[in-house]
Amino acid sequence: MTIAQGFLAYFDPEMKNTRRMLERVPDEALDYKPHPKSMAMGKLAGHIAEMVEWGATTAAHDSFDIQPPDGPPLEQFSPTSVKEILERFDNAVAQTAEAVAAVDDDGMRQQWTLFKAGSVIFAMPRIAVLQTMILSHMVHHRAQLGVYLRLNDIPIPGMYGPSADEPQG
C-alpha cells in the first residue's frame, strides 16, 4: 500500500462522517454563535469545506502563500446557504482524493511549506501536512460544529458508532 492509499483509507470515511454533520446545519442557523468570540455556524461549516479543499492544494503544489507579496490574500469562504457549503465540500473531497492519489511515496515525504507574505509559517513533509494541518484540523472543527448543533437541539449523527441521537450509529 502506498502512503497515498493509506491516507485515503482514513480520509474517505472521515469525509462521509463530515458530510453527515454538515447536512444537519440548518440555513436558519448560519448566523448562530454560541459566544461573541465564536465563529458563526455557517462560517464554521464553510471553513470545514474549504479546509478539505486545501488538501488538493497541498497534494498538487510544494507550497502555498496565504498572503502572497505579489497578489491578493487567501479569501475566506463566506457561504450563504447549506447547499453552497455542501457543493463546495463535495467538490473539495473529489479534488483532494484525486490529487492525493496522484502523489507517489517520495512526493508524500517531500517538504511542503506554508508561507504568509513570503515568510515561512511552517514546513513539514507533505503527508504530515495532509494528516495534521488538513485532516485532523478539519476533524477538530467538525467537533466544534457538533457542539453548535447540540446547543441548537439538532440531532448529532454518530461519527464512530452510535450517538445519543442515533443509538444505532
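You'll find the structure just up there.
Everything numeric in this text was worked out from a predicted model, so none of it was measured.

One pair of aromatic rings is described through two measures. These are the centre distance and the angle between the planes. Applying the stated criterion to the full structure yields three aromatic pairs. Ring centres of W112 and F122 lie 6.2 Å apart, and the angle between their planes is 35°; on these two criteria the pair is classed as tilted. Of this pair, W112 sits in strand β2 (residues 111-116) while F122 sits in strand β3 (residues 119-125); the two residues are 10 residues apart in sequence, bridging distant segments of the chain. The lysine or arginine in question, R88, covers the ring of F77, its NZ or CZ lying 4.3 Å from the ring centre.

Attention now moves to the sheet that holds β2. Pairing is mixed across the open sheet formed by three strands, whose spatial order is β1-β2-β3. Edge positions in the open sheet fall to β1 (63-65) and β3, since each of these has one partner strand only. Each neighbouring strand pair of the sheet contributes to a mean axis angle of 10°, computed without reference to strand direction. Each of β2 and β3 is contacted by helix α5 (residues 126-151), which is oriented at about 100° to β3, the strand it contacts most.

Definitions and limits used
- Residues numbered from 1 in each chain as written.
- Predicted model: local features only at pLDDT ≥ 70, side-chain atom pairs only at ≥ 80, totals over all residues.
- Heavy atoms only, no water.
- Phe/Tyr/Trp six-rings, centres within 6.5 Å; stacked < 30°, edge-to-face > 60°.
- Helix = DSSP H or I, 4+ residues; strand = E, 2+ residues; numbered from the N terminus.
- Lys NZ or Arg CZ within 6 Å of the ring centre and 35° of its normal.
- Pairing = 2+ DSSP bridges.
- Axes fitted to C-alpha atoms, helices over the stretch in contact; angles between N-to-C directions.
- Contact = heavy atoms within 4.5 Å.

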